[in-house]
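Topology and contacts: notes
Here is how the chains run, residue by residue.
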There are 2 protein chains.
Amino acid sequence: MAKEGTEIAEETEQMMDQKEPDNPVCAVIDSKEMRAVVLTGFGGLNKLKVTKKPMPEPQEGEVKIRVKACGLNFLDLMVRQGNIDNPPKTPLVPGFECSGIVESVGENTKGFEIGDRVMAFVNYSAWAEVVCTPLDFVHKIPDDMTFPEAAAFSMNFVAAYMMLFEVANLREGMSVLVHSAGGAVGQAVSQLCSTVPNVTVFGTASPFKHEAIKHSVTHLFDRNVDYVPEVKKISPDGVDIVLDCLCGENTGKGLTLLKPMGTYILYGSSNMVTGETKSFFSFAKSWWQVEKVNPIKLYEENKVIAGFSLLNLLFKQGGCNQVKTAVQKLLSLYDQKKIKPVVDSLWALEEVKEAMQRIHDRGNIGKLILDVEKSPTPLMANDSTETSEAGEEEEEQEGDNDNKERMPFIQ
Amino acid sequence: MAKEGTEIAEETEQMMDQKEPDNPVCAVIDSKEMRAVVLTGFGGLNKLKVTKKPMPEPQEGEVKIRVKACGLNFLDLMVRQGNIDNPPKTPLVPGFECSGIVESVGENTKGFEIGDRVMAFVNYSAWAEVVCTPLDFVHKIPDDMTFPEAAAFSMNFVAAYMMLFEVANLREGMSVLVHSAGGAVGQAVSQLCSTVPNVTVFGTASPFKHEAIKHSVTHLFDRNVDYVPEVKKISPDGVDIVLDCLCGENTGKGLTLLKPMGTYILYGSSNMVTGETKSFFSFAKSWWQVEKVNPIKLYEENKVIAGFSLLNLLFKQGGCNQVKTAVQKLLSLYDQKKIKPVVDSLWALEEVKEAMQRIHDRGNIGKLILDVEKSPTPLMANDSTETSEAGEEEEEQEGDNDNKERMPFIQ
């Protein structure tokens, strides 16, 4: 059953940890503590609460950031559900990206000074008032970039940039297929494609978003119809680059749509998990259902298949320098006003449930941001409540996977 | 048993079709006929002979070329054995590349004039005195490029270029692993890598070639030892690009050696067929033995796997324009004296058996060329008879696959 917005709002007012009733919600009085979103266990929205945590202090090589804005990604929903490979232990503070101001630095932390405006990648713990993270994950931002823009910039634009220009080698005259074209990655992909002459972007999105994003996507398709014949009607030879955040049967479809010398990139697997809660087995089952690829077939067909996980690159594979190079190139494009992150809406930490519901319901166009200094009153940059397809409270959807939304892994 | 060079030479003197004893071997008297190498059926060297064929005339859109030099590739040995997918019917004239002078053009064949010096891709039939091929496959060559250089240039440099710069996106500071580093593709790869600052080339080659090619390869390994630990000793993180012409277990090895964001490219499958004659089943068996790749594993590991077949791109997939772009860029590098095809040796058409034996025995450093105007007396640019590992006549090796040579699909 759908819950009304007011009902959810009432719930979130109760979200603050009741054990600490004397601490005001929106002010930092005790510098030994800070507010943070905490995931108490894997599951539904009710596993999230805002509570006080000990103030972190920077270790050697770390930067301490007074957080202004945090990015919310589809991946955060997957983390909440525990539907990721090797999930960490709960309780934990979610979040992989934020922006803010450098408050202090640890020993041997060169290159940053107190007061620097920065954006940062964080291996969990971004959704807090204060974050400490190694300097390799921190990047200074331009004076004219707002903190919400910066938090919307890091993961999505870096992922889109590295996929298009480093994995797939996007060049003049090529064509790109991207799913969830209205999402944050989709919008980053569209903008980056527009920096290269004569690039055709095919995109899928919910119909209610088409009007809002039609300027950024050459050919838009309803996400509920099969995109393969739609693309082939326009481009019988297929496309040069397929960016797939869905996985499952879409892997085969994507490979089919590739032109010779084309590149398919899997950067998410949301079909495996959307709407499925706490089910390791459903994940494992889907894993094996993905069509495996014979390298000799790639040889015969002159095709490229790739996978891209920015978080694995950053936090498991030592890819900081590669990411740093991408960030520099992206900031140069930002300075030239060729790209600009699209912020869908701002939410207080206490509104994280509504924000997650909105991303689950695919209501967003662009990025959802947790605004750490915001009071819990929704401010929608683009209210799509009336046209959104799903209004149900997610907790009640377990086991009902019909008509589930397909969302990007990193949005 | 090994046959002496003189024995083979005596055989080749008998190669001319005995049905036409009155026609001199090396002169074109009757303009209605031309000399060509003919493969009479799939099998060993004895299936090759030089004979007269009707003079071809250019159809609409075709260029008629008086051939000066033809390239010999490992692929030609596979064709001879019938060890390719969907082999054509015999008798046929082998050969996929040549250089020469435009003798005439068909109707609607713009851009070429009689007397133009050209190189061309041909879908079989290159090993002849005259070739007709569609203009899309023909490229003008610089005045200072010799015909043997041009014939050595087309397939190998285009393949190396497209793999390095279009599939794999080679950039400053990267590392590349290439097998058969002394072969024609290997030499093209090394030269192209040297056009990018600070690229490390790891190569495998027979030890006797090391001295000759050490200037072009950063780290050379004996092709008879396992290269994986050797590469890891020098670069524990692995390499950015693996070019594999071997297939089989090397696919898994190559993927293992890749750094995150690295690209593995399969461009040949010589392990499947070298030394195995006319065995479709051994081919099919090997096909299924190749490790298939789960896209989700690529996602987790941030890896790219690709296949590249220049001939399929050209003749089955309409990739002429992509190839044309690559040729233009390569000719510009040639003009700047940054690359120069390495010609191993020149052979008369009647010496095609010795030439094939040399490529089979891995005696070559760089490209073997059939010089159409040459008389049947071997002129070795680099004679390595004494150090070559294998001297046996190939016909007698059937069923004996121990110590077989590993050769690139396109060399």
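Residues numbered from 1 in each chain as written. Chains lettered and ligands numbered in written order. Predicted model: local features only at pLDDT ≥ 70, side-chain atom pairs only at ≥ 80, totals over all residues. Heavy atoms only, no water.

What follows deals with the overall build of chain A. Each helix and strand counted, chain A has twelve helices and 16 strands in total. Taking all contacts inside chain A whose residues are at least 6 apart in sequence as the whole, residues at least 24 apart take part in 73%. About 15,800 Å² of surface is accessible on chain A, with carbon and sulfur atoms providing 50% of the total. (Helix = DSSP H or I, 4+ residues; strand = E, 2+ residues; numbered from the N terminus. Contact = heavy atoms within 4.5 Å. Areas by Shrake-Rupley, 256 points an atom, 1.4 Å probe, with all protein chains shown as cover.)

As a further point, take the domain arrangement of chain A. Structurally, chain A comprises domain 1 (33-147) and domain 2 (155-340). On a C-alpha basis, the centroid separation for the pair domain 1 of chain A and domain 2 of chain A is 26 Å. (Domains from an automatic or database assignment.)

Once that is clear, we can look at the pairing of strand β14 (residues 343-347) of chain B. Residue and element names in this part refer to chain B. Most of β14 sits inside the fold, with four of its five residues counted as buried. By the bridge criterion, four bridges tie β14 to strand β15 (residues 367-371) in an arrangement that is parallel. Considered in β15, the bridge of L346 is made with I369. After leaving β14, the chain enters helix α12 (residues 352-360) and then returns to the sheet as β15, a path that is right-handed. (Buried < 20%, exposed > 50% of the residue type's maximum accessible area, 1.4 Å probe, protein only. Pairing = 2+ DSSP bridges. Right-handed = clockwise from strand over helix to strand, strands pointing away.)

A separate point is the pattern of salt bridges. Residues and elements named next belong to chain A. As enumerated under the stated definition, the model contains 40 salt bridges over all chains in all. One salt bridge connects D136 with K324, and the closest N-O pair in it is separated by 3.6 Å. Residue D136 is found in the loop between β6 (130-134) and β7 (138-140), and its partner K324 is found in helix α11 (residues 320-335); the two are separated by 188 residues along the sequence. Residue D136 is classed as partly exposed on the basis of its relative accessible area, which comes to 33%. Under the relative-accessibility criterion, K324 is labelled partly exposed at 26%. (Salt bridge = Lys/Arg side-chain N within 4 Å of Asp/Glu carboxyl O.)

Glancing now at unusual backbone geometry. Here the amide bond leading from A:T90 into A:P91 is cis, since omega sits at 0°, within 30 degrees of zero. Its place among the elements puts A:P91 in the loop between α2 (74-81) and β4 (97-105). Positive phi, normally seen in glycine, also occurs at B:R362, with a value near 60°. Among the secondary structure elements, B:R362 is positioned in the loop between α12 and β15.

Core analysis: the largest hydrophobic core is formed by 225 residues, its most contacted members being A:F308 and B:F308. With sequence-adjacent residues up to four places away left out, B:F308 is seen in contact with A:M261, A:Y299, A:N302, B:A159, B:M162, B:M163, B:V167, B:I265, B:L266, B:Y267 and B:L313. Ranked by size, the runner-up nonpolar core spans 38 residues in total, among them A:V231, B:L177, B:L266 and B:I296. (Core = buried A, V, L, I, M, F, W, Y, C linked by side-chain atoms within 4.5 Å.)

Here we take up the interface of chain A and chain B. One frequent convention defines the size of an interface as the accessible area lost when the parts assemble. With 41 residues of chain A in contact, the opposing surface of chain B contributes 41 residues. Each partner contributes to the roughly 3,700 Å² buried at the junction of chain A and chain B, and carbon and sulfur atoms together form 59% of this total. The tally of links from chain A across to chain B stands at two salt bridges. One salt bridge connects A:R171 with B:E166, and the closest N-O pair in it is separated by 3.7 Å. Summed over the shared surface of chain A and chain B, the number is 16 residue pairs in polar contact (both at pLDDT 80 or more). (Buried area = accessible area lost by both parts, 1.4 Å probe. Polar contact = N/O pair within 3.5 Å; in protein donor to acceptor, adjacent residues only side chain to side chain.)

Among the secondary structure elements, A:K374 is positioned in the loop between β15 (367-371) and β16 (379-380). A polar contact is formed between the side chain of A:K374 and the side chain of A:E351, at a distance of 3.1 Å.

The subject of this paragraph is the relation of the copies chain A and chain B. With an RMSD of 0.0 Å, chain A superimposes on chain B once it is rotated by 180° and translated 0.0 Å along the axis. When the rotation and shift are considered jointly, the pair of chain copies conforms to a two-fold rotation axis. Most of the interface of chain A is mirrored in chain B, where 100% of its interface residues again form contacts. (Least-squares fit on C-alpha atoms with pLDDT ≥ 70 in both.)

The tally for this structure, following the rule as stated, stands at six cavities of 30 Å³ or more. Around the largest cavity, the lining is made up of 14 residues, and of these A:A168, A:R171, A:M174, A:M261 and A:T263 lie nearest the centre. If you list the elements that add at least two residues to the lining of the largest cavity, you get β11 (239-244) and β12 (258-266) of chain A together with α3 (147-167) of chain B. Of the residues forming the lining of the largest cavity, the biggest block, three residues, is contributed by β12(A). Looking at the lining of the largest cavity residue by residue, the classes come out as seven nonpolar, four polar and three charged. (1 Å grid on protein atoms, 1.4 Å probe; cavity = no way out; pocket = protein on both sides within 12 Å on 5 of 7 lines; lining within 4 Å. Points joined across faces, edges and corners; volume = space filled by probe spheres on them. Nonpolar A, V, L, I, M, F, W, Y, C, P; charged D, E, K, R; others polar.)

Take the environment of B:G95 next. All names here are of chain B. With respect to the secondary-structure elements, G95 resides in the loop between α2 (74-81) and β4 (97-105). Distance from G95 to V122, taken between C-alpha atoms, is 7.2 Å for residues 27 residues apart in sequence. Other than its neighbours up to four places away in sequence, G95 contacts D76, V122, Y124, S125, A126 and W127.

What follows concerns the packing of helix α3 (residues 147-167) of chain A against α11(A). Residue and element names in this part refer to chain A. The N-to-C vectors of α3 and α11 enclose an angle of 110°; their axes lie 9 Å apart at closest approach. One element, α3, and the other, α11, form an angle in the roughly perpendicular class. Here α3 contributes E149, F153, F157, V158, Y161, M162 and E166 to the contact with α11, which in turn contributes Q322, V323, A326, V327, K329, L330, L331 and Y334. Residue composition of the contact of α3 with α11, grouped by class: eleven nonpolar, one polar and three charged. (Axes fitted to C-alpha atoms, helices over the stretch in contact; angles between N-to-C directions. Parallel < 35°, antiparallel > 145°, perpendicular 65-115°, else oblique.)

Once that is clear, we can look at the side chain of B:E166. Within the secondary structure layout, B:E166 lies in helix α3. Not counting chain neighbours up to four residues away, the residues in contact with B:E166 comprise A:N169, A:R171, A:M261 and B:Y161.

Now for the sheet that holds β12(A). Strand order in this open sheet of twelve strands is β10(A)-β9(A)-β8(A)-β11(A)-β12(A)-β13(A)-β13(B)-β12(B)-β11(B)-β8(B)-β9(B)-β10(B), and the pairing throughout is mixed. Where the open sheet ends on each side, the last strands, each with one partner, are β10 (219-222) of chain A together with β10 (219-222) of chain B. For this sheet the average axis-to-axis angle between neighbouring strands, irrespective of direction, equals 15°. Here helix α7 (residues 249-257) of chain B sits on the sheet and contacts β8 (175-178), β11 (239-244), β12 (258-266) and β13 (303-307) of chain B; the angle it forms with β12(B), its principal contact strand, is near 155°.

It is worth spelling out helix α6 (residues 227-234) of chain B at this point. Residues and elements named next belong to chain B. By the burial criterion, the buried members of α6 are Y227, V228 and V231. Projected down its long axis, α6 shows its buried positions confined to an angular sector of 105°, all on one face. On its buried side, α6 packs onto β8, β9 (200-205), β10, β11 and α7. Taking the backbone nitrogen of V228 as reference, a side-chain oxygen 3.1 Å away marks D226 as the first, capping residue of α6. (Arc of directions from axis to C-beta.)

With that settled, the discussion passes to the packing of aromatic side chains. Centre distance and the angle of the planes are the two values used to describe a pair of aromatic rings. On inspection of all chains with the given rule, the structure shows twelve aromatic pairs over all chains. Summarising the aromatic geometry, the rings of A:F96 and A:Y124 are spaced 4.8 Å apart at their centres and angled 55° between planes, so their arrangement reads as tilted. Separated by 28 residues along the polypeptide, A:F96 in the loop between α2 and β4 and A:Y124 in the loop between β5 (117-121) and β6 bring together distant segments of the chain. Each member of the pair, A:F96 as well as A:Y124, is classed as buried. In this structure, B:R117 is placed above the aromatic ring of B:F147, and the distance from its NZ or CZ to the ring centre is 4.5 Å. One Lys or Arg, B:K140, reaches over the ring of B:F112 and ends 5.6 Å from the middle of that ring. (Phe/Tyr/Trp six-rings, centres within 6.5 Å; stacked < 30°, edge-to-face > 60°. Lys NZ or Arg CZ within 6 Å of the ring centre and 35° of its normal.)

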